[in-house]
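Okay, here's what each chain looks like letter by letter:
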Amino acid sequence: MSAFIKWLGVGVGMVSLSVSALTLQQQRDIYEEAQSLITENKLAEYQPLRKQIDSYALTPYLDYRVYMADIATRTPDEVEQYIKDHYQYPFSQSVRGAYLDALVEAEDWHGFYRFQANKPRMQSYQCSYYFAQYQVGKTVDAFKGASELWLTGSSVAPECDELFEAWSDAGLRKDELILQRIELAFARRNGRLLNYLKDLPKSEAARENAVAIYNLYKNKSKIEKFATSQPQNEINKNVSLAALKRITYQEANPELAIQVLDNVAKAQQFSDKEYQDTADYIAYSLINTEDEDLAKWRDKALLSSTNPKWLERRARLAIQHQDWEGLDVWISKLPSKEKNSKRWKYWQARTDIALGDVEQGKAQMQSLLGSRNFYSIAAADYLGKPIKYSTSVLTEQKASVKPFSSSLSRIKELIAVDKITAAKREWRWLLARANAEQKKALAQYAASMRWNHLTVIATIDAKMWDHISLRFPIAHQWWFNFYAEKYDLDPVTLMALARQESALDIDAQSPVGARGLMQIMPKTASYTAKKYDIDYAGEEELFEVNKNIEIGSQYLAGLLGDYQGNRILAFGAYNAGPHRVKLWRARTGGKVDAYSYIEAIPFKETRGYIQNILMFEVYYRDILNEQGSFLSDLESEMKY
């Protein structure tokens, strides 16, 4: 029994205090004690505690854990009803999977099929779903499902083993299906799976074909021999298409791909689209080639393309070289949607001006003004016009948040006890159940509660793009001001960077391990702390607002120092690393302006990253009523 429970003077079997006699902190303490008792499976001791916190916001989480403890004893109808009754809780979505696991473990296939009447999303459950069909006599449907699951280039969940065995024993694992899977494994570069599959076909012709594909996987340079020696069919054609791409990038040998393309295409009867798609792929790999003949082949191939990705990349190469005549050609080749975007209208205007049609170019620039868009501001900068864009303000709530009061109470309490991940899960689940007007009301509510990250999430979910004051909360301003002054930075720059990096989520963690508001990698934090003598106890500190901002600010200050205060280069290095900035500057060769340099960056993420932060600074300055230029004199005048 905890010291707190002893202090209350209650124990198991004793009369509990009334809820009204408990303070919020006392309820929190009882809740944590109850959590521990559930973990230790001491449910008899847990029950008296549970009665004391019946009205506590987080108590439903205790009830959920207790329910899940013996879910295997429930009937399918009981579990289905539980899910319906608790739909307002995000944990309701995990009940189904847990119950399915229990049914599989008990080998209750009739119960499984009764409970899961429709095909599940997860592959492992799909395996069990079709096996349950097989067990209840729906053999045709089960084996059709087995065929679908078989056709993947990846390994299949072990839950499919029994299903596949029954399917194979029924004589339905045909050689054609084996070869189709070999094709998929080839495209996925799954050598282990290929090695397993090549020995499965029964007919001599299929085995020879399977071995030929496997040998091609081991030596892609034999593509022409493979294409001309193997039968022309969809499988061998798709393998040939994949092999040409593999040669181009993985083998870094686009010259060989060009050399064999026509013969391979003829032998395997590529369609015009398949030929062009392959040529596009090879051409894209040559975007930075310095070989004049390869460059000519690249451009000839791309002139026949309709793929906006490849054409936009070629247009960026023209910008990189300030080849305005070439840029005019490549913009003209873009599909209408891309050509009419503000991005390419801006570059068409720059092209017209560079080629002497100044009036037309300026008129195009003028048409871009007034939008909440990077290229609108770039046009204003070019014309020397003030920055203007549309904004919206919610003056009244057309919808009420009252229907969500219990969910909001839980979120409030989860934030109070620092269970941020659970709070975010509740918030996203709440938004998923809200209509458009309710989402707007919830965004306003979150803003009033200073739930900065949740406010941002709601504005994105509700597509409130013009509601700048809601989309860009003023969060952690004291710390941003403090470290901005300490490291001689603009606090608006720090706020804009944090908004871009994490949407102001102090608990953010990226798939690669970047942490906190300013999304700092642990290695970067250790390097920065050591270099600048910052107290730093380890990566968990990166979830602390002040430490994250301190290290992120110092790291950015260091980058700005390296680039003489140029934010464009510093932001690029913060996102993609200084080595890539060095490479990109080498390609532009000190010949382009700031906007051309940003556009020439080959990484879509980094281009958008730099543009967003510059835009976010504009928004934050307007919100804070502070003056500041879009680009500094250094950034505007420098050649990159």
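Residues numbered from 1 in each chain as written. Predicted model: local features only at pLDDT ≥ 70, side-chain atom pairs only at ≥ 80, totals over all residues. Heavy atoms only, no water.

## Here we look at the side chain of Q320
Step number 1: Its location among the elements puts Q320 in helix α19 (residues 308-320).
Step number 2: Q320 gets classed as buried once you look at its relative accessible area, which sits at 5%.
Step number 3: When neighbours within four sequence positions are excluded, Q320 is seen to be in contact with N288, R587, T588, V592 and A600. (Helix = DSSP H or I, 4+ residues; strand = E, 2+ residues; numbered from the N terminus. Buried < 20%, exposed > 50% of the residue type's maximum accessible area, 1.4 Å probe, protein only. Contact = heavy atoms within 4.5 Å.)

## Description of empty space enclosed by the protein
Step number 1: Tallying each qualifying case throughout the model produces one cavity of 30 Å³ or more.
Step number 2: Considered as a void within the structure, the largest cavity measures approximately 50 Å³ in volume.
Step number 3: Lining the largest cavity we find R313, Q320, W584, R587, T588, Y597, A600, I601 and P602.
Step number 4: Sorting the residues of the lining of the largest cavity by element identifies α19, α35 (578-588) and α36 (594-600) as the ones contributing at least two each.
Step number 5: Among the elements that take part in the lining of the largest cavity, α35 stands out by supplying three residues, more than any other.
Step number 6: For the lining of the largest cavity, the residue count by class is five nonpolar, two polar and two charged. (1 Å grid on protein atoms, 1.4 Å probe; cavity = no way out; pocket = protein on both sides within 12 Å on 5 of 7 lines; lining within 4 Å. Points joined across faces, edges and corners; volume = space filled by probe spheres on them. Nonpolar A, V, L, I, M, F, W, Y, C, P; charged D, E, K, R; others polar.)

## A few points about the UniProt feature "domain: Transglycosylase SLT" (unreviewed entry) in the protein chain
Step number 1: Residues annotated by UniProt as "domain: Transglycosylase SLT" (unreviewed entry) correspond here to residues 480-591.
Step number 2: Across residues 480-591 one finds 62% helix and 0% strand; the C-alpha atoms that close the span lie 35 Å apart. (UniProt positions renumbered as here; feature names shortened; annotations may be inferred.)

## A word on the layout of surface pockets
Step number 1: By volume, the largest pocket is sized at about 680 Å³.
Step number 2: Along its surface, the largest pocket is lined by 22 residues, and R343, K604, G608, Q611 and N612 are the ones closest to its centre.
Step number 3: At the level of secondary structure, the elements contributing two or more residues to the lining of the largest pocket comprise α19, α24 (374-383) and α37 (604-624).
Step number 4: Among the elements that line the lining of the largest pocket, the one with the most residues is α37, at eight residues.
Step number 5: Partitioned by chemical class, the residues of the lining of the largest pocket number nine nonpolar, four polar and nine charged.
Step number 6: Quantified by volume, the second largest pocket comes out at close to 530 Å³.
Step number 7: Lining the second largest pocket are 23 residues, with E501, Y574, N575, A576 and E605 sitting closest to its centre.
Step number 8: Looking at the lining of the second largest pocket, the elements with two or more residues in it are α31 (491-502), α34 (567-576), α35 and α37.
Step number 9: Examining the composition of the lining of the second largest pocket, we find that four residues originate from one element, α34, more than from any other.
Step number 10: Residue composition of the lining of the second largest pocket, by class: eleven nonpolar, nine polar and three charged.

## Thoughts on unusual backbone geometry
Trans is the common state for peptide bonds, and a negative phi is the common state for residues other than glycine.
Step number 1: Its identity as a non-glycine residue notwithstanding, R450 has a phi of 65 degrees, on the positive side.
Step number 2: Within the element layout of this structure, R450 appears in the loop between α27 (436-448) and α28 (452-461).
Step number 3: With relative accessibility at 52%, the residue R450 sits in the exposed group.
Step number 4: For D533, which is not glycine, the phi torsion reads 55 degrees and is therefore positive.

## Here's the deal with the packing of aromatic side chains
Step number 1: Scanning the model with the defined rule gives 42 aromatic pairs in all.
Step number 2: Site record: aromatic cluster; members linked through ring pairs are W324, Y346, W347, F374, Y375, Y595 and F630.
Step number 3: Above the plane of the ring of Y284 lies K309, whose end atom (NZ or CZ) is 5.8 Å from the centre. (Phe/Tyr/Trp six-rings, centres within 6.5 Å; stacked < 30°, edge-to-face > 60°. Lys NZ or Arg CZ within 6 Å of the ring centre and 35° of its normal.)

## Side note on the nonpolar core
Step number 1: Counting residues in hydrophobic clusters, the biggest one holds 194 residues, and the most contacted among them are W347 and W427.
Step number 2: The leading source of residues in this core is α37, at nine residues.
Step number 3: Ignoring any residue separated from it by four or fewer positions in sequence, one finds W347 in contact with I319, W324, L327, I331, Y375, Y595, S596 and E599. (Core = buried A, V, L, I, M, F, W, Y, C linked by side-chain atoms within 4.5 Å.)

## What about the domain arrangement of the protein chain?
Step number 1: Under the domain assignment used here, the protein chain contains domain 1 (24-106), domain 2 (402-465) and domain 3 (477-637).
Step number 2: For domain 1 versus domain 2, the distance between C-alpha centres works out to 23 Å.
Step number 3: Residue-level contacts link 13 residues of domain 1 with twelve residues of domain 2.
Step number 4: Of the roughly 1,100 Å² buried between domain 1 and domain 2 on both sides combined, carbon and sulfur atoms contribute 63%. (Domains from an automatic or database assignment. Buried area = accessible area lost by both parts, 1.4 Å probe.)

## Focus on the packing of helix α8 (residues 123-135) against helix α9 (residues 139-150)
If you want to describe how two helices pack, look at the angle between their axes and the distance between the axes.
Step number 1: It is the contact of α8 with α9, at a shortest axis distance of 7 Å, that shows an interaxial angle of 155 degrees. As judged from the angle between their axes, α8 and α9 are roughly antiparallel. Where α8 crosses over α9, the handedness of that crossing is left-handed. For the pair α8 and α9, contact is made by Q123, Q126, C127, Y130, Q133 and Y134 and by T139, D141, A142, F143, G145, E148 and L149, respectively.
Step number 2: Split by residue class, the contact of α8 with α9 holds six nonpolar, five polar and two charged. (Axes fitted to C-alpha atoms, helices over the stretch in contact; angles between N-to-C directions. Parallel < 35°, antiparallel > 145°, perpendicular 65-115°, else oblique. Left-handed = near helix turned anticlockwise from the far one by under 90°.)

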